[in-house]
Amino acid sequence: EDQVTQSPEALRLQEGESSSLNCSYTVSGLRGLFWYRQDPGKGPEFLFTLYSAGEEKEKERLKATLTKKESFLHITAPKPEDSATYLCAVEGTGGFKTIFGAGTRLFVKA
Amino acid sequence: DAGITQSPRYKITETGRQVTLMCHQTWSHSYMFWYRQDLGHGLRLIYYSAAADITDKGEVPDGYVVSRSKTENFPLTLESATRSQTSVYFCASSIDGTTEAFFGQGTRLTVV
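Notes on the structure in this doc start here. (Residues numbered from 1 in each chain as written. Chains lettered and ligands numbered in written order. Predicted model: local features only at pLDDT ≥ 70, side-chain atom pairs only at ≥ 80, totals over all residues. Heavy atoms only, no water.)

Notes on the sheet that holds strand S6 (residues 56-59) of chain A
Residues and elements named next belong to chain A.
Piece 1. Strand order in the open sheet formed by five strands is S1-S3-S8-S7-S6, with antiparallel pairing between adjacent strands. A strand with exactly one partner marks an edge of an open sheet, and here the two such strands are strand S1 (3-7) and S6. The average undirected angle you get between the axes of adjacent strands in this sheet is 15°.
Piece 2. Looking at chain direction, S6 and strand S7 (residues 62-66) are connected through four bridges and run antiparallel. Counterpart to Glu-58 in the pairing with S7 is Lys-63. (Pairing = 2+ DSSP bridges. Helix = DSSP H or I, 4+ residues; strand = E, 2+ residues; numbered from the N terminus. Axes fitted to C-alpha atoms, helices over the stretch in contact; angles between N-to-C directions.)

In structure tokens:
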């Protein structure tokens, strides 16, 4: 059964304090791994897609990496506006049914 | 405006009533999805559609009905609402089902 586990559930950082969010997954053939950002009261907003182990993608202070079992979202020198819930999702080869993790709530204090 | 819109944004209904949540997208994306989001569960797929008149069940389809007569619309109907269906519902669309999805703003549904 496809499964996605994100850790930690919540993360509190000081502005400028770099850290990483973890997404562990099991899937029957990975078609793609997605990272989304979700602000309170809004729908998820797409950040990255990773397709194969070793792949990396960057956007501003965010960098996503992928191995065969997990993905990391690295946040470098975060700012308060980076505060949000970050969702990880996987798409397997078993069909068009993306599985989402429960998310990591990130709080960045000025 | 281009994008994906859901209506209503908020809805309170009584147990046993039928309620329909609307979703409209302007991109002509082939795939559309309905998710529910509950604390501790993340987003769970209810139904998805690969094209007009083609729909399939997701992880939690019981108690829900969908239709897709036009590419741009994908309504979700709760035939007889129950308190366990209190949730935030998100509609999404994607070009081919394997690329990133674009989400609506969500509908917060409360069943009393």
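Some points on the environment of Ala-89 of chain A
Residue and element names in this part refer to chain A.
Piece 1. Mapping Ala-89 onto the fold places it in strand S9 (residues 84-92).
Piece 2. Take Ala-89: its relative accessible area is 0%, and that puts it in the buried class.
Piece 3. Taking the C-alpha atoms as reference points, Ala-89 and Lys-63, separated by 26 residues in sequence, lie 16 Å from one another.
Piece 4. The contact partners of Ala-89, leaving out residues within four places of it in the chain, are Gly-32, Leu-33, Phe-34, Thr-98, Ile-99 and Phe-100. (Buried < 20%, exposed > 50% of the residue type's maximum accessible area, 1.4 Å probe, protein only. Contact = heavy atoms within 4.5 Å.)

Some details on unusual backbone geometry
Piece 1. The omega angle of the peptide bond from Ser-7 of chain A to Pro-8 of chain A is -10°, so this bond is cis rather than trans.
Piece 2. Positionally, Pro-8 of chain A belongs in the loop between S1 and strand S2 (10-14).
Piece 3. Of note, the amide linkage connecting Ser-7 of chain B to Pro-8 of chain B takes the cis form, showing an omega dihedral of -5°.
Piece 4. Among the secondary structure elements, Pro-8 of chain B is positioned in the loop between strand S1 (4-7) and strand S2 (10-13).
Piece 5. Residues other than glycine seldom take positive phi values, yet Ala-77 of chain A does so here, at roughly 45°.

A few points about the state of the cysteines
Residue and element names in this part refer to chain A.
Piece 1. Throughout the structure, instances matching the rule amount to two disulfides over all chains.
Piece 2. The residue that forms a disulfide with Cys-23 is Cys-88, at a sulfur-sulfur distance of 2.0 Å. Taking the torsion about the sulfur-sulfur bond, which here is approximately -65°, the covalent link between Cys-23 and Cys-88 counts as left-handed. Remark: Cys-88 occurs in strand S9 and Cys-23 occurs in strand S3 (residues 19-26); sequence separation between them is 65 residues.
Piece 3. You can call Cys-88 buried: its relative accessible area is 0%. (Disulfide = S-S within 2.5 Å.)

With respect to the sheet that holds strand S7 (residues 64-66) of chain B
Strand pairs in the sheet, formed through backbone hydrogen bonds, run parallel or antiparallel to each other.
Residue and element names in this part refer to chain B.
Piece 1. Pairing in this open sheet of four strands is antiparallel, and the strands run S1-S3-S8-S7 from one edge to the other. The open sheet terminates on both sides in strands that have one partner only, identified here as S1 and S7. This sheet shows a mean twist of 20° between the axes of neighbouring strands, independent of strand direction.
Piece 2. In terms of strand pairing, S7 meets strand S8 (residues 76-78) through three bridges, oriented antiparallel. Across the sheet, residue Val-65 finds its bridge partner in S8, namely Thr-77.

As for the pattern of salt bridges
All names here are of chain A.
Piece 1. Inspection of the entire model under this criterion finds seven salt bridges over all chains.
Piece 2. Close ionic contact of Glu-55 with Lys-57 constitutes a salt bridge, the shortest N to O distance being 3.8 Å.
Piece 3. Of the residues examined, Glu-55 reaches a relative accessible area of 18% and is grouped as buried.
Piece 4. Ionic pairing is found between Glu-56 and Lys-63, a salt bridge with its closest N-O pair at 3.3 Å.
Piece 5. Judged by relative accessible area, Lys-63 falls into the partly exposed class, the value being 28%. (Salt bridge = Lys/Arg side-chain N within 4 Å of Asp/Glu carboxyl O.)

Remarks on the interface of chain B and chain A
Accessible area lost upon the coming together of the parts serves often as the stated size of an interface.
Piece 1. In this assembly, 21 residues from chain B lie in contact with 18 residues from chain A.
Piece 2. Of the roughly 1,600 Å² buried between chain B and chain A, counting both surfaces, carbon and sulfur atoms make up 57%.
Piece 3. Looking at the side of chain B facing chain A, the largest losses of area belong to Leu-43, Thr-98 and Glu-100 of chain B, adding up to 29% of the total buried there.
Piece 4. Summed over the shared surface of chain B and chain A, the number is zero salt bridges.
Piece 5. When residues of the side of chain B that touches chain A are traced back to their parent elements, those giving at least two are strand S4 (31-38) and strand S5 (42-51) of chain B.
Piece 6. Across the side of chain B that touches chain A, the residue classes break down as nine nonpolar, eight polar and four charged. (Buried area = accessible area lost by both parts, 1.4 Å probe. Nonpolar A, V, L, I, M, F, W, Y, C, P; charged D, E, K, R; others polar.)

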